[in-house]
Amino acid sequence: MITITTVQSNADVQGILDLQQANLRKNVPINVQLDQGFVTVEHDPAVLARMNQAAPSIIAKDGDRVIGYALTMLPEFGADVPELLPLFDLINSLTYTDKPLREYAWYVMGQVCVGEGYRGQRVFDRMFDHHREVYGQQYQLLITDISASNTRSLRAHARVGFEPLHEFYDPAIGETWVVVVWNWGK
């Protein structure tokens, strides 16, 4: 039985890290990347633990095993994950519905992943619904960026309510990213 909850323990954080390792782009064959997607950022365990103390991430569990996660990343953690610095810098320069993004109450989806064998079962959707349940009264927008080459992730984010806001190219890694926003006020 799959349950959707928030991170409650160090074992949950370790479960996220284990699932992340299994799905990192560098660890996933190209044919699987194209069909199933991938994650790009490898989180430092100490930073991930601090992120979850500040605002627990949403996880999916099958028994005691973490089989999915959707990381909650508050703006104050932007400098702690160097790969995400371009996104946080960009957020401070973008507008949404004729208003600067920085004037909204927002946080970043630090990464989302559903484990092999659990995809296609609406685990992704249920985790995002839980984000809205847990944080919807406190925040107006959930923002993230997705590799333009990760078409499965782009489709899944659109399905739950995210809309594209901006595209940018990161020359450091040679990748185009799509910034998407989910407006919980709509």
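For the structure itself, look to the data block above.
Described in the following lines is the structure provided in the data block. (Residues numbered from 1 in each chain as written. Predicted model: local features only at pLDDT ≥ 70, side-chain atom pairs only at ≥ 80, totals over all residues. Heavy atoms only, no water.)

**Some details on the pattern of salt bridges**
- Applying the stated criterion to the full structure yields six salt bridges.
- One salt bridge in this structure joins Glu42 and Lys26, with 3.1 Å as the shortest N-O distance. One end of the pair, Glu42, is in the loop between α2 (30-36) and α3 (45-54); the other, Lys26, is in the loop between α1 (10-23) and α2, and 16 residues separate them in sequence.
- Lys26 sits in the exposed class, given a relative accessible area of 63%.
- Its salt-bridge partner being Asp125, residue Arg159 comes within 2.6 Å of it at the nearest N-O pair. Taken as a pair, Arg159 in helix α6 (residues 151-160) and Asp125 in helix α5 (residues 123-135) lie far apart in primary sequence, 34 residues in all.
- One salt-bridge network, held together by shared partners, links Arg122, Asp125 and Arg159. (Salt bridge = Lys/Arg side-chain N within 4 Å of Asp/Glu carboxyl O. Helix = DSSP H or I, 4+ residues; strand = E, 2+ residues; numbered from the N terminus. Buried < 20%, exposed > 50% of the residue type's maximum accessible area, 1.4 Å probe, protein only.)

**Some remarks on the nonpolar core**
- Ranked by internal contacts, the top residues of the largest apolar core, which has 64 residues, are Met127 and Phe128.
- Among the elements that line this core, the one with the most residues is strand β6 (residues 106-114), at seven residues.
- Residues within four places of Phe128 in sequence aside, it is in contact with Met109, Val112, Leu142, His157, Val160, Phe162 and Trp182. (Core = buried A, V, L, I, M, F, W, Y, C linked by side-chain atoms within 4.5 Å. Contact = heavy atoms within 4.5 Å.)

**As for the sheet that holds strand β3 (residues 65-73)**
- Read from one edge of the open sheet, seven strands run β1-β2-β3-β6-β7-β9-β8, paired in mixed fashion. Either end of the sheet is taken by a strand with one partner, and the two such strands are β1 (2-6) and β8 (163-170). When the angles between neighbouring strand axes are averaged without regard to direction, this sheet yields 25°.
- Summarising the sheet, β6 and strand β7 (residues 141-147) pair through three bridges and their orientation is parallel. The residue of β7 that forms the bridge with Val108 is Ile143.
- Across the sheet, α5 is in contact with β1, β2 (58-62), β3, β6, β7 and β9 (175-183); its angle to β6 comes to roughly 155°. (Pairing = 2+ DSSP bridges. Axes fitted to C-alpha atoms, helices over the stretch in contact; angles between N-to-C directions.)

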